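# Close look at the chain arrangement
Read off the chains here:
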Amino acid sequence: MLSVNHVSKQYAGKKALDDVSLQAEAGSVLGLLGPNGAGKTSLIRIITMITAPDEGEVLFNGQKMHSGLLSSIGYLPEERGLYRKMSIQDQALFFGRLKGLDTKTCQRELDAWSERLDMTGWKKKRLDELSKGMQQKVQFVLTVLHKPRLLILDEPFTGFDPVNAEIIKQEILRLRDEGAAILLSTHRMESVEELCDRISLINNSRMILEGPVNEVRERYRIHEFALEYSGELPRQGNTWTLISQEHKLDGKHRAVISCEEDQRENKLLKELSDLVHIHSFTEKLPSIKEIFIQTVAEKS
Amino acid sequence: MKNILYVTQREYLTRVRKKSFIIMTLLGPVLLAGFYGLIFWLAISDMGGKEVRLVQVVDRSGVFAEGIENSGTMHYIVESPAPAPAKDTLPPEEGYYGKLIIPEDFSIDAPSGARFISEKSLSIMDQESMENQLESTIKRMKLTRAGLRSETLDSLKTHVKVASSKISQDGELKSNDTMVNAGAGFIGAFLIYLFIFLYGVQVMKGVAEEKSNRIVEVIISSLKPFELMMGKILGVAAVGLTQVLIWVCLSGVLMFAITGVIGSQAVDPQMAQQAMEQSGRSVPPGIEQSGFLSALFQLDFTLLLGGFLFYFVTGYLLYSAMFAAIASAVDSETDTQQFMFPVTIPLIFSIVVAQTVVIKDPTGTLATWFSMIPLTSPIVMMVRLPFGVPGWQLLLSMIFMIFGFIAITWLAARIYRVGILMYGKKATWRELFKWMLYRG
């Protein structure tokens, strides 16, 4: 659905983006990751046509991005902002109409979302009469009111308590299931693992890592396995070395072992099961957070 | 285009629904009418009911033995014989406004040394009146000494009025009065000046608020920054026009009512005329009431109103685009001051030029040039209009104004689109110039 091809952007002699490319597919969530100042916001602003790229292009459903396509995009910026003295209904009408909705559809969608997010009775209230969390909810609703085909969310969980964060998370997944392409920019790595199908990691204005979440984790595998067992495990085997061990009172123990790179899991499991009674055996893949820190540190 | 309309509509509705707008719109004419009523009342009191002040004249020279000519507000009681000099330093007797002491060596050929003593300080007007009356009395004495009779002196009073008329190409004559022209032009120019500031500042505040509230990023992911800027400017313009229209209507009604009420109670035309004669005042030289009204009605109101609307709207659009660009470049409204002053210099300058150069010589080179430059023409051309401006000059000025507005709005929009997303950076003039050149 969204295709960013070799985009570069420079501000006052400083490169904000350097030959960045990414793809976001319909019905999937793409995590846009990167440390502060890496160029994520610059990229989002280019996708939403707030600024233009110096080089490269942005395609939306194969079409070069133009202002007529903006109504298919919903953008929730990290720095939230709505009119404080305006009623929720008037704001919905204003933003909805800017996105091409008519008055009736705006009203209908606002009612539907109000019911879904437990916001009934808020319509006539001014924004400054609501709590911060409520304001965040309103901002989210106004972003998705026009049923965007591409939804760009920059830190969507900021300001939400765990209960409301979960509600928003479920809504994002529902929108994904309904076919929207979602670009999620966040520093909350647990959200990335829970929500994203793919990730793109930008550092120092360049794309340094890209791919499906599981594939990326596989790519960064460290060949460590966690096992739960009964019996006496030696410190070293033919193809493995014990890294850590934890003894439990019920006779079941836990251990993490490291094996050689070309070692096959089945062979390793067979060797271990000859030594002890195995209750569970899982490969310890690095978390996205660990990959993020490692990659950014390496490239810096 | 549709987006500009939505932004305009939002700006308009949000602003006209505000309590402050409703209060100011309703209160404005009341204040204006109140102010007008006060001036009218003061004028009437001044004409008809002003208290006559008695001046005790201690004439040691004997020059004014036959008295001093009274004015409408000051009557002179010459004391004869004059009291002892020791009493000169005493306050004036009860019932007197003050004591005018004419020294012994005072003569009509060397009229110096006169002093006035009073408990309250003498106003400029009263001092001037007193000097005028003394001069007039002395002048009359000198003329009598030269052998002229009192009747001859009266017959010397001459009043000449030159009626000014404009003649058109086809020979049609129109009554023309410089004071009326200057007044009409200056009122129009001053209103444009006032409204540009009043509503231009609202645009500036609105932009600064959107920037500091971070709404901008949400909005401009749906429309172009230019559309947002124009929508805001047009929305405030619509608010301004609404407010002005309501003010004009309400003020008209209120002033009519006040004039009627006060006028019927206090003004008897004959009495007013009498009061004016008594006071020794006359309508300004060259203006007789019928001539004044005739000149007023001879003004081309269609041209003036059309010119006012054109220069008000385009002038406001031009300046508010600059105000919007300034507000977009700073993080808070308080930082706008450094940019505001240079931008408003042409506006302030043109009102100064209008008051001096243009009114003195409305067809001069300077006036013509300033009425062509888009930054000064809304004010200067408005002052020139009642005096008659050649059609080609007016057309050229309007064309320049339209192109000036387009060019300045375009440049302002280029600053705006960059500035609106720039946070935490102290903008300088150099920076603003660089923003104009940025791509995309």
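## Details of the overall build of chain B
Summing up its helical and strand segments, chain B has 15 helices and six strands in all. In chain B, buried positions account for 42% of the 440 residues. Counting only carbon and sulfur atoms, one obtains 65% of the accessible surface of chain B, whose full area is about 23800 Å².

## A few points about empty space enclosed by the protein
To locate leftover empty space, one rolls a probe as large as a water molecule over the atoms. Applying the stated rule across the entire model yields one cavity of 30 Å³ or more. In this structure, the largest cavity spans a volume of roughly 120 Å³. Lining the largest cavity are 13 residues; nearest its centre among them are A:F95, A:K99, A:L142, A:T143 and B:V218. Secondary-structure elements contributing two or more residues to the lining of the largest cavity are β6 (73-76), α2 (88-98) and α4 (132-144) of chain A.

## Some remarks on the sheet that holds strand β5 (residues 63-64) of chain A
Residue and element names in this part refer to chain A. If you walk across this open sheet you meet the four strands as β2-β1-β4-β5, and the pairing is antiparallel. Each of the sheet's edge strands pairs with one partner strand only, and the pair in question is β2 (14-24) and β5. Pairing between strand β1 (residues 2-11) and β2: seven bridges, direction antiparallel. Note on β2: the bridge partner recorded for L2 is A24.

## A short note on unusual backbone geometry
Residues and elements named next belong to chain A. Notably, E155 is not glycine yet its phi reads approximately 50°, a positive angle. Residue placement: E155 occurs in the loop between β7 (150-154) and α5 (162-177). Despite not being glycine, S205 shows a phi value in the positive range, around 70°. Summarising the element assignment, S205 is placed in the loop between β9 (198-203) and β10 (206-212). What makes S205 buried here is its relative accessible area of 6%.

## Comments concerning the packing of α2(A) against helix α1 (residues 2-17) of chain B
The contact between α2(A) and α1(B) brings their axes to 9 Å, and the two run at 165°. One finds that α2(A) runs roughly antiparallel with respect to α1(B). Every pair of crossing elements has a handedness; the one defined by α2(A) and α1(B) is left-handed. Of α1(B), the residues touching α2(A) (which contributes A:D90, A:F94, A:R97 and A:L98) are B:N3, B:Y6, B:V7, B:Q9, B:R10 and B:R17. Taken together, the residues of the contact of α2(A) with α1(B) sort by class into four nonpolar, two polar and four charged.

## Comments concerning the pattern of salt bridges
Residues and elements named next belong to chain B. What the rule picks out here adds up to 25 salt bridges over all chains. Across the salt bridge formed by R140 and E69, the nearest N and O atoms sit 3.2 Å from each other. Of this pair, R140 sits in helix α3 (residues 124-145) while E69 sits in the loop between β1 (53-59) and β2 (74-79), placing them 71 residues apart in sequence. On the basis of relative accessible area, E69 is assigned to the partly exposed category, the value being 28%. Residues joined in a network through salt bridges with shared partners are R10, E11, R15, E210 and K232.

## Section: the environment of A:D102
Mapped onto the elements of the fold, A:D102 is located in the loop between α2 and α3 (103-116). Residues A:D102 and A:F160, spaced 58 residues apart in sequence, show a C-alpha to C-alpha distance of 30 Å.

## Here we look at the packing of aromatic side chains
We describe a pair of aromatic rings using the distance from one ring centre to the other and the angle between the two ring planes. Per the stated rule, a full pass over the model turns up 14 aromatic pairs over all chains. Centroid distance B:F64 to B:F106: 5.6 Å. Interplanar angle 45°. Geometry classified as tilted. Highlighted residues: B:F64 in the loop between β1 and β2 and B:F106 in the loop between β3 (98-102) and β4 (115-117), separated in sequence by 42 residues. By the burial criterion, B:F64 is buried, and B:F106 matches it. Every member of this aromatic cluster is reached through a ring pair, and the members are B:F186, B:F190, B:Y193 and B:F197. In this structure, B:R10 is placed above the aromatic ring of A:Y83, and the distance from its NZ or CZ to the ring centre is 3.5 Å. Over the aromatic face of A:F94 sits the side chain of B:R10, whose NZ or CZ is 5.6 Å from the ring centroid.

## Some remarks on the environment of A:S28
Residues and elements named next belong to chain A. With respect to the helices, strands and loops of the structure, S28 is situated in the loop between β2 and β3 (29-33). Residue class for S28 comes out buried when judged on its relative accessible area of 12%. C-alpha of S28 to C-alpha of W113: the two residues are 85 residues apart in sequence and 22 Å apart in space. Every residue in contact with S28, bar those within four places of it in the chain, is listed here: R176, A180, A181, I182 and D197.

## A short note on the side chain of A:E171
Structurally, the position occupied by A:E171 is in helix α5. Not counting chain neighbours up to four residues away, the residues in contact with A:E171 comprise A:W113, A:R116, A:L117 and A:F140.

## Looking at the confidence of the model for chain B
All names here are of chain B. With 81% of its residues at a pLDDT of 70 or more, chain B has an overall mean of 79. When pLDDT is averaged over each helix and strand of chain B, the minimum, 48, is found for helix α8 (residues 269-278) and the maximum, 91, for α1. When the criterion is pLDDT under 50, residues 272-288 qualifies, and its contacts beyond four places in sequence or with other chains add up to 20 contacts. Overall fold confidence for the complex sits at a pTM of 0.72, while the interface term, ipTM, reaches 0.78.

## Here's the deal with the side chain of B:T368
Mapped onto the elements, B:T368 comes out in helix α12 (residues 365-370). Leaving out residues up to four positions away in the same chain, B:T368 has contacts with B:T363, B:R384 and B:Q393.

So, how was this worked out
Residues numbered from 1 in each chain as written. Chains lettered and ligands numbered in written order. Predicted model: local features only at pLDDT ≥ 70, side-chain atom pairs only at ≥ 80, totals over all residues. Heavy atoms only, no water. Helix = DSSP H or I, 4+ residues; strand = E, 2+ residues; numbered from the N terminus. Buried < 20%, exposed > 50% of the residue type's maximum accessible area, 1.4 Å probe, protein only. Areas by Shrake-Rupley, 256 points an atom, 1.4 Å probe, with all protein chains shown as cover. 1 Å grid on protein atoms, 1.4 Å probe; cavity = no way out; pocket = protein on both sides within 12 Å on 5 of 7 lines; lining within 4 Å. Points joined across faces, edges and corners; volume = space filled by probe spheres on them. Pairing = 2+ DSSP bridges. Axes fitted to C-alpha atoms, helices over the stretch in contact; angles between N-to-C directions. Parallel < 35°, antiparallel > 145°, perpendicular 65-115°, else oblique. Left-handed = near helix turned anticlockwise from the far one by under 90°. Contact = heavy atoms within 4.5 Å. Nonpolar A, V, L, I, M, F, W, Y, C, P; charged D, E, K, R; others polar. Salt bridge = Lys/Arg side-chain N within 4 Å of Asp/Glu carboxyl O. Phe/Tyr/Trp six-rings, centres within 6.5 Å; stacked < 30°, edge-to-face > 60°. Lys NZ or Arg CZ within 6 Å of the ring centre and 35° of its normal. pLDDT = per-residue confidence, 0-100.

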